[in-house]
Amino acid sequence: MNTKEVVKPAVVLLLISAVAAACLGVVSEVTKEPIRVQNEKTLNESMQAVMPEASTFEQLDVEPTGTITAVYQADNGGYVLTTQPSGFGGVVNTMVGIDADGVITGLRVTGHSETPGLGAKSTEPSFYEQFTGKSGSVAVTKDGGEIVPITSSTITSRAVCAGAQEALDWVAANGGAN
């Protein structure tokens, strides 16, 4: 085998790889801003869903603690917190709106890897709407609370309750529900 038989395909492969990498770089730069704008829009829509009385939200510079990943102050004095409690299939991303009196104004499960048809039902209104109006202690009925768990998915239901409870506790300890 001579050198020419090895070098020519290697150079062609190198050129194809370089062109592909350049194309990926261009696509990444072109889509970066639209993706950022869409993510911001989705975040604002989610915050509006859990706290419909507010119109603007400002992210607070708060060190994440426990399962809390972000805290936003609403223009109406309430807070929107994102949490990541552990469910059956992994992390259950939740967003919880809490007014200045320490009452949940809304809750949404924004992401999960729970079992389809079971824990995935945490994204349905029949489950998450139970949290609206709750304060103090939030737990599933099996644990003495008022939240009816998803059938055959108590672990996911408990995870969502844990995220809501941690958000309520944070608001109570940091300026709300005094």
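Every residue gets a number counted from 1 within its own chain, in the order that chain's sequence is written. Given that this is a predicted model, residues contribute local features only at a pLDDT of at least 70 and side-chain atom pairs are listed and counted only at 80 or more, while totals for whole chains, interfaces and linings are drawn from all residues. Side-chain numbers come from the whole structure's heavy atoms, not from hydrogens or water.

**Regarding the pattern of salt bridges**
Side chains that differ in charge, positive against negative, can pair when their charged atoms come close.
Logical step 1: The term salt bridge refers to a pairing of a side-chain nitrogen on Lys or Arg with a carboxyl oxygen on Asp or Glu at a separation within 4 Å. Using the criterion set out here, one finds 6 salt bridges in the structure.
Logical step 2: Notably, a salt bridge pairs D143 with R158, separated by 2.8 Å at the nearest N-O pair. Taken together, the positions of D143 in the loop between α2 (125–128) and α3 (154–173) and R158 in helix α3 put the pair 15 residues apart, joining distant regions of the chain.
Logical step 3: With relative accessibility at 44%, the residue D143 sits in the partly exposed group.
Logical step 4: It is possible to trace a salt-bridge network through shared partners that takes in E33, R36 and E40. Numbering of helices and strands runs from the N terminus; a helix is a DSSP stretch of H or I covering at least four residues, while a strand is a stretch of E covering at least two. For each residue, the accessible area found with a 1.4 Å probe, counting protein chains only, is set against the maximum for its type, and the residue is called buried under 20%, exposed over 50%, and partly exposed in between.

**Things to note about the pairing of strand β3 (residues 79–83)**
Logical step 1: For β3, a buried count of 5 out of 5 residues is recorded, marking the element as mostly surrounded by other parts of the structure.
Logical step 2: The two faces of β3 match: Y79, L81 and T83 on one face and V80 and T82 on the other face are all buried.
Logical step 3: A pair of strands is treated as paired once DSSP finds two or more bridges between them. Two strands pair when backbone bridges link them, and strand β2 (residues 68–74) and β3 are joined in this way by 5 bridges, in the antiparallel orientation. Bridging from a neighbouring strand, I68 pairs with T83 of β3.
Logical step 4: Connecting the antiparallel pair β2 and β3 is a turn made up of 4 residues, with G77 showing a positive phi of about 90 degrees.
Logical step 5: Bridge count between β3 and strand β4 (residues 93–98): 5 bridges; the pairing is antiparallel.

**Comments concerning the confidence of the model for the protein**
Logical step 1: What pLDDT conveys is the predictor's confidence in a given residue, as a value from 0 to 100. Scored by pLDDT, the protein comes out at a mean of 84, with 92% of its residues at no less than 70.
Logical step 2: Within the protein, the lowest mean pLDDT, 84, falls on α2, and the highest, 93, falls on β3.

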